[in-house]
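# Descriptive structure summary
Read off the chains here:
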Amino acid sequence: MALDGKVAVVTGAAMGIGKAMTEILLQNGAKVALLDFNETAGKSLLEALKKQYGQEKTLFLTCDIESEEQTKAALQTTRETFGGIDIMCNNAGILNESTWEKTVSINLMGVIRGTYLALEHMSKLNGGQGGVIINTASMAGLGPLPSCPVYTASKHGVVGFTRAIAAASSALGYGIRINVLCPGFVQTDLFSNIPARLGKFSLLADATKKMAEKMETLSVSEVAECLLELVVDEMKNGEAFMVLPKSKKYMTFPVLL
Ligand SMILES: NC(=O)c1ccc[n+]([C@@H]2O[C@H](COP(=O)([O-])OP(=O)(O)OC[C@H]3O[C@@H](n4cnc5c(N)ncnc54)[C@H](O)[C@@H]3O)[C@@H](O)[C@H]2O)c1
Ligand SMILES: CCCCC[C@H](O)/C=C/C=C\C=C\C=C\[C@@H](O)[C@@H](O)CCCC(=O)O
């Protein structure tokens, strides 16, 4: 997929990985709607991006992806402003084992919501043009992180959901490729104040930090480059793309039948 003139939506776009995703999509010619519930950070980033890429390439919409109404409205506004949606990046997520229901609500239910609402706009069965959806999971979506079992569950859910809906899209002819990004540790706000985020598992913070030192941390730009690979490669559907500082790997999964 060439990105010139394409329209992308990025959730959790105001900071971290989502901000880097937004920037690489703009650098490659796409228009981008930034969705985030942090209005201050979002509006500040929007002003900077408008200066760098022009007034017509970006849009910021305050949106909590836990809200069906807000997410639905944000996608509708994006379509009305830019003429359609070609790329949906369901990236917003949190890490907090104390507020575990919210972790599931945002990380898994928010990704499902963003995927289903994007399908309504993009599916060829609905008169759409097709396109690509990229969901952000984590390496914790491929293997357990003992210090954050609910975060692990939410990310395993994102991997499983993405692989299943990608197969459904192919079988039903949606014309939409759907893939999942599984980064290792990335230097962002989410990966700070770790003990406070682990709740009853905070005693495992040191073990996790040691794991992160061993695995080394990624920059947000490295993750964004892998997002771009999944967006532009028309052959990629149903892929789980594991990204580490020194290796990138398309995961294979056991065939059960
Ligand atoms: N940082 C890491 O080590 C790492 C590794 C692998 C995967 N991830 C995943 O990458 C994604 C982005 O994380 P990050 O590290 O950039 O975190 P971050 O905290 O730096 O940025 C997350 C962004 O999402 C927004 N957000 C959170 N909840 C939201 C909601 N309900 N509605 C709208 N916006 C919301 C925040 O305001 C923030 O701008 C998350 O899904 C995270 O689980 C992070
Ligand atoms: C507390 C920080 C959480 C950061 C979350 C973010 O999504 C980053 C995740 C990065 C790496 C996850 C690694 C998961 C590894 C598992 O596959 C497994 O190998 C861990 C085994 C742990 C152990 O028993 O030593």
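An unreviewed UniProt entry lists the chain under the name 15-hydroxyprostaglandin dehydrogenase [NAD(+)], with Labrus bergylta as the source organism. UniProt lists a comment for the chain under the heading Sequence similarities (unreviewed entry), and it reads "Belongs to the short-chain dehydrogenases/reductases (SDR) family."

### Remarks on the site of ligand 2
Close contacts around ligand 2 come from 16 residues, with Ser138, Gly143, Pro144, Tyr151 and Met211 the closest. Here an oxygen atom of ligand 2 and a side-chain polar atom of Ser138 are 2.6 Å apart. Taking Tyr151, its side chain carries an N or O atom lying 2.5 Å from an oxygen atom of ligand 2. Burial of ligand 2 by the surrounding chains reaches 74%, relative to a free accessible area of 670 Å².

### Things to note about unusual backbone geometry
The phi dihedral of Asn193 falls on the positive side, at around 50 degrees, and the residue is not glycine. Relative to the elements of secondary structure, Asn193 occurs in the loop between β6 (176-183) and α6 (194-197). In the Ramachandran plot, Glu216 falls in the positive-phi region, its phi being about 65 degrees despite a non-glycine side chain. Turning to its location among the elements, Glu216 is positioned in the loop between α7 (205-215) and α8 (220-232).

### Notes on the site of ligand 1
Residues in contact with ligand 1 amount to 28 residues; listed here are only the nearest, Ile17, Asp36, Asn91, Tyr151 and Thr188. The separation between a nitrogen atom of ligand 1 and a polar main-chain atom of Phe37 is 3.4 Å. Its free accessible area being 830 Å², ligand 1 has 96% of it covered by the protein chains. Listed by contribution, the elements that provide at least two residues to the shell around ligand 1 are α1 (16-27) and α5 (149-172). In terms of residue class, the shell around ligand 1 is made up of 15 nonpolar, nine polar and four charged.

### What to know about the environment of Cys226
Structurally, Cys226 is set in helix α8. The spacing of Cys226 and Met21 is 205 residues in sequence and 9.5 Å in space, taken between C-alpha atoms.

### Some points on the side chain of Asp86
Examined against the element boundaries, Asp86 turns out to sit in the loop between α3 (68-82) and β4 (87-90). Although Asp86 lies buried, it forms no salt bridge, and the closest oppositely charged side chain, Lys6, sits 4.5 Å away as judged by the N-O distance. Here the side chain of Asp86 touches Val7 through a polar contact of 2.8 Å, landing on its backbone nitrogen.

### Points about the confidence of the model for the chain
Across the chain, the average pLDDT comes to 97, with 100% of residues at or above 70. The complex model carries a pTM of 0.98, and its ipTM stands at 0.96.

### Some remarks on the environment of Leu49
Structurally, Leu49 can be placed in helix α2 (residues 39-53). The exposure class assigned to Leu49 is buried, which follows from its relative accessible area of 1%. Measuring from C-alpha to C-alpha, the distance between Leu49 and Gly127 comes to 32 Å, with 78 residues separating the pair along the chain.

Procedures and definitions
Residues numbered from 1 in each chain as written. Chains lettered and ligands numbered in written order. Predicted model: local features only at pLDDT ≥ 70, side-chain atom pairs only at ≥ 80, totals over all residues. Heavy atoms only, no water. UniProt positions renumbered as here; feature names shortened; annotations may be inferred. Near = heavy atom within 4 Å. Polar contact = N/O pair within 3.5 Å; in protein donor to acceptor, adjacent residues only side chain to side chain. Areas by Shrake-Rupley, 256 points an atom, 1.4 Å probe, with all protein chains shown as cover. Helix = DSSP H or I, 4+ residues; strand = E, 2+ residues; numbered from the N terminus. Nonpolar A, V, L, I, M, F, W, Y, C, P; charged D, E, K, R; others polar. Buried < 20%, exposed > 50% of the residue type's maximum accessible area, 1.4 Å probe, protein only. Lys, Arg positive; Asp, Glu negative; His and termini not counted. Salt bridge = Lys/Arg side-chain N within 4 Å of Asp/Glu carboxyl O. pLDDT = per-residue confidence, 0-100.

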